[in-house]
Amino acid sequence: MTTHSLASREQAIFITCLIILWYSTNIGVLLLNKFLLSNYGFAFPIFLTMCHMSACALLSYISIMFLKVVQIQRIKSRSQFLRIATLSIVFCGSVVGGNISLKYLPVSFNQAVGATTPFFTALFAYMMTLKREGWVTYACLVPVVAGVVIASGGEPSFHLYGFIMCVSATAARAFKSVLQGVLLSNEGERLNSMNLMLYMSPIAVVVLLPIVLVMEPNVLNVVVSLGMEHKFMWPLLFINSAMAYGANLCNFLVTKHTSALTLQVLGNAKGAVAVVISILLFRNPVTFIGIAGYTMTVMGVVAYGESKRRYK
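Calculation rules
Residues numbered from 1 in each chain as written. Predicted model: local features only at pLDDT ≥ 70, side-chain atom pairs only at ≥ 80, totals over all residues. Heavy atoms only, no water. pLDDT = per-residue confidence, 0-100. Helix = DSSP H or I, 4+ residues; strand = E, 2+ residues; numbered from the N terminus. Disulfide = S-S within 2.5 Å. Buried < 20%, exposed > 50% of the residue type's maximum accessible area, 1.4 Å probe, protein only. Axes fitted to C-alpha atoms, helices over the stretch in contact; angles between N-to-C directions. Parallel < 35°, antiparallel > 145°, perpendicular 65-115°, else oblique. Left-handed = near helix turned anticlockwise from the far one by under 90°. Contact = heavy atoms within 4.5 Å. Phe/Tyr/Trp six-rings, centres within 6.5 Å; stacked < 30°, edge-to-face > 60°. Lys NZ or Arg CZ within 6 Å of the ring centre and 35° of its normal. Core = buried A, V, L, I, M, F, W, Y, C linked by side-chain atoms within 4.5 Å. Arc of directions from axis to C-beta. Nonpolar A, V, L, I, M, F, W, Y, C, P; charged D, E, K, R; others polar.

**Some details on the confidence of the model for the chain**
Next up, step 1: Across the chain, the average pLDDT comes to 88, with 96% of residues at 70 or higher.
Next up, step 2: Ranking the helices and strands of the chain by mean pLDDT puts helix H2 (residues 45-66) first, with 96, and helix H12 (residues 260-282) last, with 79.

Now the structure itself:
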């Protein structure tokens, strides 16, 4: 075996392991969120988000300042800091909304709604930048939305408030990606995702802390008592928080070592895998109509990505 072929094989093994780790952390944090919010009487989605952001702040600092995963990028101006703070608040809203929805909806339906992200991304891109896509690209968004409408009608565990929070979280996630492109479009102020997480996470913790104190005032007492009663709750909360950072780290590494198209394809498949695993774990009832609706949405997302690539 030549040195070149050996290096190629090692690279392929590395990327395969990275993708498996990316799937594991992303799906793992989703399922653990649902498990924590549905068991033990742990009904604190905002506090859970604050735990995630605290772990991201601490582990981002360690990864960048000590482990040198990426080079530190400094904030260069007050206006840049304000733009990052704005992104952080929007990001907070998307994560909190997603966690609240998991309290009321099964993971399978949560993922079905989350798959409509391209629809909101295209909508906000047009509203904020007047960026237009080809009519074929917009046509592909019809089954994306129609699939969720069909899945909603066939969802046995449908909950209106949970659905509203899930749609809001999906819209906020799309808004954040468009906003990030607009606010950090200056080449000299653009940050990679790891440095952006380093600065966004502490801001998110500062924003979330007073909200937790007002909306979930008894959280510390309940968490302490639940931790004393259930010996696995604290370790699960710690693992869940660390995994939230791991998902962001793996997302950055997969993007760096593959391509945007590969990431998009893997992301579509990841949602389907999460749905199957969640149904097997949580035994939530599903219907043929629900599965058909979700399948239509995923196919629409795949077609949307392909049309964007072709008509770019």
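**Focus: the state of the cysteines**
Next up, step 1: This structure, assessed with the given rule, holds 0 disulfides.
Next up, step 2: Of all cysteine sulfurs in the structure, the one in Cys 56 sits closest to Cys 51, which takes part in no disulfide; the separation is 11 Å.
Next up, step 3: Take Cys 51: its relative accessible area is 16%, and that puts it in the buried class.

**Here we look at unusual backbone geometry**
Next up, step 1: Of note, Lys 68 is a non-glycine position whose phi angle comes to about 55°, a positive value.
Next up, step 2: Here Lys 68 is to be found in the loop between H2 and helix H3 (78-104).

**Focus: the packing of H3 against helix H8 (residues 160-183)**
Next up, step 1: Relative to each other, H3 and H8 sit at 160°, their axes nearing to 7 Å. Comparing their axes, H8 and H3 come out roughly antiparallel. Here H3 and H8 pass one another in a crossing that is left-handed. Of H8, the residues touching H3 (which contributes Arg 83, Thr 86, Leu 87, Val 90, Phe 91, Gly 93, Ser 94, Gly 97, Gly 98, Ile 100, Ser 101 and Tyr 104) are Tyr 161, Gly 162, Met 165, Cys 166, Ala 169, Ala 172, Arg 173, Phe 175, Lys 176, Leu 179, Gln 180 and Leu 183.

**Considerations on the packing of aromatic side chains**
Next up, step 1: Here the structure, examined in full by the defined rule, presents 10 aromatic pairs.
Next up, step 2: Ring centres of Phe 42 and Phe 44 lie 5.7 Å apart, and the angle between their planes is 85°; this geometry places the pair in the edge-to-face category. Here Phe 42 matches Phe 44 in class, with each residue buried.
Next up, step 3: Ring centres of Phe 119 and Phe 120 lie 5.2 Å apart, and the angle between their planes is 75°; this geometry places the pair in the edge-to-face category.
Next up, step 4: Here a set of aromatic residues connected by ring pairs shows up, and it is made of Phe 42, Phe 44 and Phe 47.
Next up, step 5: The cationic tip of Lys 270 hangs over the ring face of Trp 22; the distance from NZ or CZ to the ring centre is 5.8 Å.

**A few points about the side chain of Glu 155**
Next up, step 1: Among the structural elements, Glu 155 can be located in the loop between helix H7 (141-153) and H8.
Next up, step 2: For Glu 155, the contacting residues outside a window of four places in its chain are Pro 106, Phe 109 and Pro 285.

**Some details on the nonpolar core**
Side chains of nonpolar character tend, in soluble globular proteins, to be buried together.
Next up, step 1: In terms of nonpolar packing, the biggest core is built from 61 residues, with Phe 42 and Phe 47 touching the most fellow members.
Next up, step 2: The set of elements that each furnish at least two residues to this core consists of helix H1 (3-38), H2, H3, H8, helix H9 (193-215), helix H10 (219-229), helix H11 (233-257) and H12.
Next up, step 3: The biggest single contributor to this core is H1, with 11 residues.
Next up, step 4: Beyond its immediate sequence surroundings of up to four residues, Phe 42 is in contact with Leu 36, Leu 37, Phe 47, Leu 48, Val 223, Leu 226, Met 233 and Leu 237.
Next up, step 5: With 11 residues, the next largest nonpolar core counts Ala 112, Ala 151, Phe 163 and Val 298 among its residues.

**Details of H10**
Next up, step 1: Residues of H10 that are buried include every one of Val 219, Val 223, Leu 226 and Gly 227, and no others. The buried side chains of H10 occupy one side of the element, clustering within an arc of 100° when seen end-on. Seen from the buried face of H10, the exposed residues on the opposite side, beyond 90 degrees, are Asn 221, Met 228 and Glu 229.
Next up, step 2: Residues of H10 that are buried make contact with H2, H9 and H11.

**Considerations on the packing of H2 against H3**
Next up, step 1: Running from amino to carboxyl end, H2 crosses H3 at an angle of 130°, the nearest separation of the two axes being 9 Å. As far as their axial angle goes, H3 and H2 are oblique. Relative to H3, the crossing made by H2 is right-handed. Across the interface between the two elements, Pro 45, Ile 46, Leu 48, Thr 49, His 52 and Met 53 of H2 pack against Phe 91, Val 95, Val 96, Asn 99 and Ile 100 of H3.
Next up, step 2: Tallied by class, residues from the contact of H2 with H3 come to 8 nonpolar, 3 polar and no charged.

**Some thoughts on the environment of Met 243**
Next up, step 1: Positionally, Met 243 belongs in helix H11.
Next up, step 2: Placed 214 residues apart in sequence, Met 243 and Val 29 show a C-alpha to C-alpha distance of 5.9 Å.
Next up, step 3: Sequence-distant contacts of Met 243, defined by excluding residues within four places in its chain, comprise Ser 24, Thr 25, Gly 28, Val 29 and Leu 32.

**Observations concerning the side chain of Ser 60**
Next up, step 1: Among the secondary structure elements, Ser 60 is positioned in helix H2.
Next up, step 2: A residue is classified by how much of its surface remains accessible, and Ser 60, at 0% relative accessible area, is buried.
Next up, step 3: If we skip the residues at most four places from it in the chain, Ser 60 touches Ala 55, Met 197, Leu 198 and Tyr 245.

**Examining the environment of Ala 269**
Next up, step 1: Looking at the element boundaries, Ala 269 is found in helix H12.
Next up, step 2: Sequence spacing of Ala 269 and Tyr 23 is 246 residues, and the spatial spacing of their C-alpha atoms is 9.6 Å.

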